[in-house]
Amino acid sequence: MYKTPEQGEYASAYEPYIVLVPEGDIVTTLERQADETVILLKGLSDSQASFRYGESKWSIKEVLGHMADCERIMAYRLLTIARGDSVPLPGFEENAYVREAGFDREPLENLLANFMAVRASTSALVRSLSEEAWPRTGNANGHLVSVRAIAAMIAGHELHHRKILMERYLGSNGFPAE
């Protein structure tokens, strides 16, 4: 059963994500989040979804693509540690991933479908975890991390980026501010 991770089960850099995650069933949280993110973005045109609030900032499409890429990596870490594999897991350079992905060339509809597919896979994985798997720890990016902390990081990472999308990208009408 999922339990909110305690400090010491994750690197302090992830604290801002973990504190965003509400108490309760993590699978329900993950599934609800995916729907909320799609509702937030599905009304945008491809042009609107290419909006950047600053010259060196990611577009809405790039933020969404980053969310899916990061979740894939985090879900792999969760799976590896949950299955008892003790191999140290590498970090990744998020800016390089976004730069190489070419998310701005993709239709928003495809990026939303991709995000939903990744989230459905993550939710199924998290739902399948045994009681024994949740507290297991491993090494990811040079830091000790538990399975339950990774589940919270995944949910918190999405909440973090959705908040940024709402505050910095989307106006009060739900479309990019001019």
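This write-up is about the structure you can find in this document. Within each chain, residue numbers correspond to sequence positions counted from 1 in written order. Residues qualify for local features only when their pLDDT is at least 70, as the model is predicted, and side-chain atom pairs are given and counted only at 80 or more; totals for whole chains, interfaces and linings, by contrast, use all residues. To obtain the side-chain values, all non-hydrogen atoms of the structure were included, while hydrogens and water were left out.

Nonpolar side chains in soluble globular proteins tend to end up buried together. We call a set of buried residues a nonpolar core when its members are Ala, Val, Leu, Ile, Met, Phe, Trp, Tyr or Cys and they connect through side-chain atoms within 4.5 Å of each other. Burial classes: relative accessible area under 20% of the type maximum marks a residue as buried, over 50% as exposed, and values in between as partly exposed (1.4 Å probe, protein chains only). The biggest cluster of nonpolar side chains holds 29 residues, and the ones touching the most others in it are Ile-26, Leu-78, Trp-134, Val-145, Ile-150 and Met-153. Counting residues per element, the ones that place at least two in this core are helix H2 (26–41), helix H4 (60–82), helix H6 (108–127) and helix H7 (147–169). Counting residues per element, this core draws most heavily on H7, which supplies eight residues. Whether two residues are in contact is decided by their heavy atoms, any of which lying within 4.5 Å being enough. Discounting chain neighbours no more than four positions away, the residues touching Val-145 are Glu-9, Tyr-10, Ile-81, Arg-136, Thr-137, Gly-138, Ala-140, Ile-150 and Met-153. In this structure, Trp-58, Ile-60, Met-67 and Ile-164 belong to the second largest nonpolar core, which totals 20 residues. In this text, helices come from DSSP runs of H or I with a minimum length of four residues, and strands from runs of E with a minimum of two, each type numbered from the N-terminal end.

Attention shifts here to the side chain of Glu-9. Note that Glu-9 resides in the segment before helix H1 (15–18). A polar contact is formed between the side chain of Glu-9 and the backbone nitrogen of Glu-6, at a distance of 3.0 Å. We call two N or O atoms a polar contact when they sit within 3.5 Å, provided that within protein one can donate a hydrogen and the other can accept it, with sequence-adjacent residues counted only if both atoms are side-chain atoms. Within the structure, Glu-9 has its side chain in polar contact with the side chain of Ser-146 (distance 2.6 Å). Contact partners of Glu-9, with chain neighbours within four places excluded, come to Leu-144, Val-145, Ser-146, Arg-148 and Ala-149.

Let's shift gears to the packing of H4 against H6. As a rule, the C-alpha atoms of each element are fitted with a line to give its axis, helices using only the stretch in contact, and angles between N-to-C directions run from 0 to 180 degrees. Contact pair H4 / H6: the axes reach a minimum separation of 9 Å and the direction vectors enclose 20 degrees. Considering their axes alone, H4 and H6 lie roughly parallel with respect to each other. Crossing of H4 over H6 shows left-handed handedness. In contact with Lys-61, Leu-64, Met-67, Ala-68, Glu-71, Arg-72, Ala-75, Leu-78 and Leu-79 of H4, H6 contributes Leu-108, Leu-111, Leu-112, Asn-114, Phe-115, Val-118, Arg-119, Thr-122, Leu-125 and Val-126. Here the contact of H4 with H6 is composed, by residue class, of 13 nonpolar, two polar and four charged. With respect to orientation, any angle under 35 degrees is reported as roughly parallel, any angle over 145 as roughly antiparallel, any angle of 65 to 115 as roughly perpendicular, and every other angle as oblique. The hand of a helix crossing depends on one turn: near helix anticlockwise from the far one by less than a right angle means left-handed, and clockwise means right-handed. Under the grouping applied here, Gly and all other residues not named as nonpolar or charged are polar, the nonpolar ones being Ala, Val, Leu, Ile, Met, Phe, Trp, Tyr, Cys and Pro and the charged ones Asp, Glu, Lys and Arg.

Here the focus is unusual backbone geometry. Of note, the phi angle at Asn-141 is positive, near 55 degrees, even though the residue is not glycine. If you trace the backbone, Asn-141 turns up in the loop between strand S1 (137–140) and strand S2 (143–146). Owing to a relative accessible area of 42%, Asn-141 belongs among the partly exposed residues under this scheme.

It is worth spelling out the environment of Val-126 at this point. Tracing the sequence through the fold places Val-126 in helix H6. Along the chain, Val-126 and His-157 lie 31 residues apart, while their C-alpha atoms are 16 Å from each other. Among residues more than four places away in sequence, those in contact with Val-126 are Ile-26, Val-27, Leu-30, Leu-78 and Trp-134.

So, on to the packing of aromatic side chains. Whether two aromatic rings pair depends on their centres lying within 6.5 Å, for rings of Phe, Tyr and Trp, where Trp uses its six-membered ring; planes under 30 degrees apart make the pair stacked, over 60 edge-to-face, and the rest tilted. Counted according to the given criterion, the structure contains four aromatic pairs. With a centroid separation of 5.0 Å and an interplanar angle of 90 degrees, the aromatic rings of Tyr-53 and Tyr-169 are classed as edge-to-face. Taken together, the residues Tyr-53 in the loop between helix H3 (46–49) and H4 and Tyr-169 in helix H7 connect sequence positions 116 residues apart. A residue is classified by how much of its surface remains accessible, and Tyr-53, at 31% relative accessible area, is partly exposed. Of the aromatic side chains, those joined through ring pairs into one cluster are Phe-51, Tyr-53 and Tyr-169.

In this structure, Glu-15 sits in helix H1. Judged by its relative accessible area of 25%, Glu-15 is partly exposed. Spatially, the C-alpha atoms of Glu-15 and Ala-152 are 9.8 Å apart, while their sequence positions differ by 137 residues. Residue contacts for Glu-15: discarding those within four places in its chain leaves Gln-7 and Tyr-10. A distance of 2.5 Å separates a polar atom in the side chain of Glu-15 from a polar atom in the side chain of Tyr-10.

Before going further, it helps to examine H2. Given a helix with a known number of residues, its expected span is that number minus one, times 1.5 Å. Counted at 1.5 Å a residue, the expected span for H2 with its 16 residues is 22 Å, and the 23 Å between its end C-alpha atoms agrees. Residues of H2 that are buried: Ile-26, Val-27, Thr-29, Leu-30, Gln-33, Ala-34, Thr-37, Val-38 and Leu-41. Buried residues of H2, viewed axially, fall in a sector of 160 degrees; they line one side. The directions from the helix axis to the C-beta atoms form the arc being described.

In short, the description is geometric, and any link to function would need to be established separately.
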